[in-house]
Amino acid sequence: MPLASSNFLVPNGTLIVEVVAFLIVLFVIGRYVLPVLNKTLEERQEQIRTALEAADAARIEADETRSQRQGILDEARQQAREIVGQANKVAEGVAAQAEERGQQEYERLVRAAETDIALARQRAVDEVSGQLGALVMSVARQVIGREIDAASHQALIDEAVAALKASSDTTAARSQG
Amino acid sequence: MSSAIAVPMARFLAANINVGVHVERKLFGLTFDLDTLWATLAAIVIVIGLGLYLRSKATAGVPGKLQLVWEMGVSAVRKQVDGAIGPRGAAIVPLAVTLFVFILVANWFEALGIGSDIEWLPAPTGDINLTLALAFIVIIPVHIASIRSRGPVGYVKHYVAQPFPKFLFPLNAFINGVEEIAKPITLALRLFGNLLSGGLMLALIAALAAWNISHIPIGDVATVILNPVWKLFDLAIGAIQAFIFALLTILYFDTAMSDAH
């Protein structure tokens, strides 16, 4: 029942109960709740700190790996350049060698051909000059009407053959030169 | 008062708004406000229940919403105490946190009010007995901390040697004495007054319901609109008052434990 007789600004026995009541709340909260809460807070801070440290370590490791990879790549690129350079050099050398060999072969062939030609001509000249004496003598016999003795006129024949040979040599030299 | 409907009750109340009425019982020559005690019990159950629930759910992993709110509150109080007093103030943290939470819960009971003289679950902080009890619980340890910090001689000297020169010590003692007596009283009355006036506002808004212009029940409409508006405002007031009480507790301890005044 509402009793308006007492002054609501003056405390009464309720005060004592309220003091006890709040002390109970304070005890329970301070003894059983806040320590647990503080512990979880600290644990979480610790977890966060550890996680951040781990992240830092991972980042440093990643940086190291990246720089290592970069180094390896640079080295590989350098090596590739060197290999290509060497290959180019080798290829140039091979080409030059091939050209030189080709030139040598060409020259050898040309020389061999020239020698063959010279030999063939010499053979032809020798052959012709061998038959020339008999031919001259038969022509001269018919012209002068008598037997010409090959032995007695050997000197004359040799002179004619030598003159003929000389003239053919000069022609060969001119065609070669 | 069995009806929870505001309007008919307001018609009854409109004739007479009583201030500070409680359900009183006498025991061993003392008077007890049963409605306040009942509401206090409810607040205790809620606060301790929340605390123990939180304790069982507390995790160092991802916190739940309730844990987050508690942690934010506790962190804020710790920061405040650490900034004002330093590590010596660690013992005050549980007191300040409990004060804040308990007063907050108690204050918010007011939002359940309908504006009658006796509510089903009144804000117990609207009774001077609770606020004065809390003020005593704060101010007695403050003085103990002051004696510990300054020594008995320093404690007495603190009251007579300043702010004026020593030969004016009676004046110093008077000024400081008034200040020290005023501390718990203002602490109690500030909270009590805010909550009492909040309840009065609800009663006045309920009383508006009796206001008719000819047969148009304009007062009913005003009550229906103003009641929730005021209650929202009152929730904010309740939170602010709880915060102020806890903050002043910290500041009183700070003053008591700091050597230089």
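Data block above holds the structure.
Residues numbered from 1 in each chain as written. Chains lettered and ligands numbered in written order. Predicted model: local features only at pLDDT ≥ 70, side-chain atom pairs only at ≥ 80, totals over all residues. Heavy atoms only, no water.

### A word on the overall build of chain B
Okay, step 1: The number of helices and strands found in chain B is seven helices and two strands.
Okay, step 2: Moving toward the C terminus, one meets the helices and strands of chain B in the order α-β-β-α-α-α-α-α-α.
Okay, step 3: Sorting the 261 residues of chain B into buried and exposed places 47% on the buried side.
Okay, step 4: Carbon and sulfur atoms make up 75% of the accessible area of chain B, which amounts to about 12,900 Å² in all. (Helix = DSSP H or I, 4+ residues; strand = E, 2+ residues; numbered from the N terminus. Buried < 20%, exposed > 50% of the residue type's maximum accessible area, 1.4 Å probe, protein only. Areas by Shrake-Rupley, 256 points an atom, 1.4 Å probe, with all protein chains shown as cover.)

### A look at the overall build of chain A
Okay, step 1: Counting its regular elements, chain A contains two helices and zero strands.
Okay, step 2: Per-residue burial for chain A yields a buried fraction of 15% across its 177 residues.
Okay, step 3: Surface accessibility of chain A: about 13,400 Å² in total, with carbon and sulfur atoms responsible for 60%.

### A closer look at the interface of chain B and chain A
Okay, step 1: Across the contact, 50 residues belong to chain B and 37 residues belong to chain A.
Okay, step 2: Of the roughly 3,700 Å² buried at the junction of chain B and chain A (both faces included), carbon and sulfur atoms supply 73%.
Okay, step 3: If you look at where chain B meets chain A, you find two salt bridges.
Okay, step 4: Put simply, R78 of chain B and E42 of chain A hold a salt bridge, and the shortest N to O gap is 4.0 Å.
Okay, step 5: Elements supplying a minimum of two residues to the side of chain B that touches chain A: β1 (24-27), β2 (30-33), α2 (34-57), α3 (65-84), α4 (92-108), α5 (128-160) and α6 (169-207) of chain B.
Okay, step 6: The greatest single-element share of the side of chain B that touches chain A, amounting to ten residues, is contributed by α2 of chain B.
Okay, step 7: When its residues are assigned to classes, the side of chain B that touches chain A shows 32 nonpolar, twelve polar and six charged. (Contact = heavy atoms within 4.5 Å. Buried area = accessible area lost by both parts, 1.4 Å probe. Salt bridge = Lys/Arg side-chain N within 4 Å of Asp/Glu carboxyl O. Nonpolar A, V, L, I, M, F, W, Y, C, P; charged D, E, K, R; others polar.)

### Looking at the pattern of salt bridges
Okay, step 1: For the structure on display, the rule yields nine salt bridges over all chains.
Okay, step 2: Across the salt bridge formed by R44 of chain A and E71 of chain B, the nearest N and O atoms sit 2.8 Å from each other. Placement of R44 of chain A in helix α1 (residues 14-144) and of E71 of chain B in helix α3 is noted, with the two residues assigned to different chains. As far as burial versus exposure is concerned, R44 of chain A and E71 of chain B are alike and both buried.
Okay, step 3: Look at the salt bridges and you will find they share partners, linking E46, R49 and E53 of chain A into a network.

### Overview of the side chain of N107 of chain B
Residue and element names in this part refer to chain B.
Okay, step 1: Here N107 lies in helix α4.
Okay, step 2: Take N107: its relative accessible area is 2%, and that puts it in the buried class.
Okay, step 3: Within the structure, the side chain of N107 is placed 2.6 Å from the side chain of T125, a separation counted as a polar contact.
Okay, step 4: Not counting residues within four places of it along the chain, the set of residues in contact with N107 comprises A123, T125, L191, L195, G238, Q241 and A242. (Polar contact = N/O pair within 3.5 Å; in protein donor to acceptor, adjacent residues only side chain to side chain.)

### Regarding the environment of L195 of chain B
All names here are of chain B.
Okay, step 1: Of note, L195 is situated in helix α6.
Okay, step 2: As for L195 and Q241, which are separated by 46 residues in sequence, their C-alpha atoms are 9.0 Å apart.
Okay, step 3: Residue contacts for L195: discarding those within four places in its chain leaves N107, E110, A123, T125 and G126.

### Let's talk about the pairing of β1 of chain B
Okay, step 1: In terms of strand pairing, β1 of chain B meets β2 of chain B through four bridges, oriented antiparallel. Within β2 of chain B, the position partnered with E24 of chain B by the bridge is D33 of chain B. (Pairing = 2+ DSSP bridges.)

### Let's talk about α6 of chain B
Okay, step 1: In this model, α6 of chain B (39 residues) spans 54 Å end to end at C-alpha, consistent with the 57 Å of a helix rising 1.5 Å per residue.
Okay, step 2: Of all the bends in α6 of chain B, the greatest, near 30°, is centred on A182 of chain B, and the proline P184 of chain B appears no more than four residues after it. (Expected span 1.5 Å × (residues − 1). Bend = angle between axes of the 7 residues up to and from the residue.)

### Observations concerning the packing of aromatic side chains
All names here are of chain B.
Okay, step 1: The full count for this structure, using the stated rule, is four aromatic pairs over all chains.
Okay, step 2: Geometrically, the ring pair formed by Y155 and Y159 is edge-to-face, given 5.1 Å between the ring centres and 90° between the ring planes. Separated by four residues within a single helix, Y155 and Y159 lie in helix α5, roughly one turn from each other. (Phe/Tyr/Trp six-rings, centres within 6.5 Å; stacked < 30°, edge-to-face > 60°.)

### Considerations on the packing of α2 of chain B against α3 of chain B
Residues and elements named next belong to chain B.
Okay, step 1: Running from N to C, α2 and α3 point in directions that differ by 110°, and their axes come no closer than 10 Å. Here α2 lies roughly perpendicular to α3, going by the angle between them. Only L66, Q67 and W70 of α3 make contact with α2, whose side of the interface consists of L50, G51, Y53, L54 and K57.
Okay, step 2: Classifying every residue of the contact of α2 with α3 gives five nonpolar, two polar and one charged. (Axes fitted to C-alpha atoms, helices over the stretch in contact; angles between N-to-C directions. Parallel < 35°, antiparallel > 145°, perpendicular 65-115°, else oblique.)

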